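Residues per chain are reported as follows:
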Amino acid sequence: MSGGPEPGRAPGKEPPRPGSVRPTSRWLLVAIAVLGAAVGLTMVKAIESGGGVAPEVSWLTLVAWTFLAALLFAAARNTHQRIQVRRERVEPSRAVFLLLIGKASAFVGALCTGVYAGFALSFLEAVSSSGPRNRVIMAGAAAVVSVLVVTAGLLLERACRIPEDPDETP
């Protein structure tokens, strides 16, 4: 009982409570996005070196990602209102489901952000002609919308936190 932190644990960091989930690391999301960018660049270069034509990002992709981001933002707002503001009790299975949707959306959104950014970067060298310029614009827009999906997923994850009970003293 020295009062100091346990070996291997940083001071001021509490161990997670049993049954709790740690918040998603922002650095992990950045690393996933960087990995996605490498995958996107490599995929385009590999397809083109094999004589193929790299895939294009369509308007439908942008609409679908925007719709997903809007749904996630709405779920995050609704969950925040229920749990944090009105302090309603939510079924544990529903709370876990929402938490998993938030985390998964953040991870997939980060990966897709990187892949779309990699696509955009791969066509930057030929941006003076209209075909590659459209590809850069569409892939860049998809990357931005994917960042919105990441943000909405993180907000949904945060909304699922159980608020501190002001009546409860340690």
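Please refer to the structure higher up on the page.
Draft legend 1. Structural view of the overall build of the chain. Along the backbone of the chain there are 4 helices and 0 strands. The helix and strand sequence of the chain, counted from the amino end, reads α-α-α-α. Put simply, the chain has 170 residues, and 32% of those count as buried. For the chain, contacts bridging at least 24 residues in sequence account for 83% of all contacts bridging at least 6. Working note: accessible area of the chain is about 11200 Å², and carbon and sulfur atoms make up 65% of it.

Draft legend 2. Summary view of the side chain of Ser 105. Its place among the elements puts Ser 105 in helix H3 (residues 92–122). Separated by 2.7 Å, the side chain of Ser 105 and the backbone oxygen of Ile 101 make a polar contact. Among residues more than four places away in sequence, those in contact with Ser 105 are Leu 72, Val 149, Val 150 and Gly 153.

Thresholds applied
- Residues numbered from 1 in each chain as written.
- Predicted model: local features only at pLDDT ≥ 70, side-chain atom pairs only at ≥ 80, totals over all residues.
- Heavy atoms only, no water.
- Helix = DSSP H or I, 4+ residues; strand = E, 2+ residues; numbered from the N terminus.
- Buried < 20%, exposed > 50% of the residue type's maximum accessible area, 1.4 Å probe, protein only.
- Contact = heavy atoms within 4.5 Å.
- Areas by Shrake-Rupley, 256 points an atom, 1.4 Å probe, with all protein chains shown as cover.
- Polar contact = N/O pair within 3.5 Å; in protein donor to acceptor, adjacent residues only side chain to side chain.

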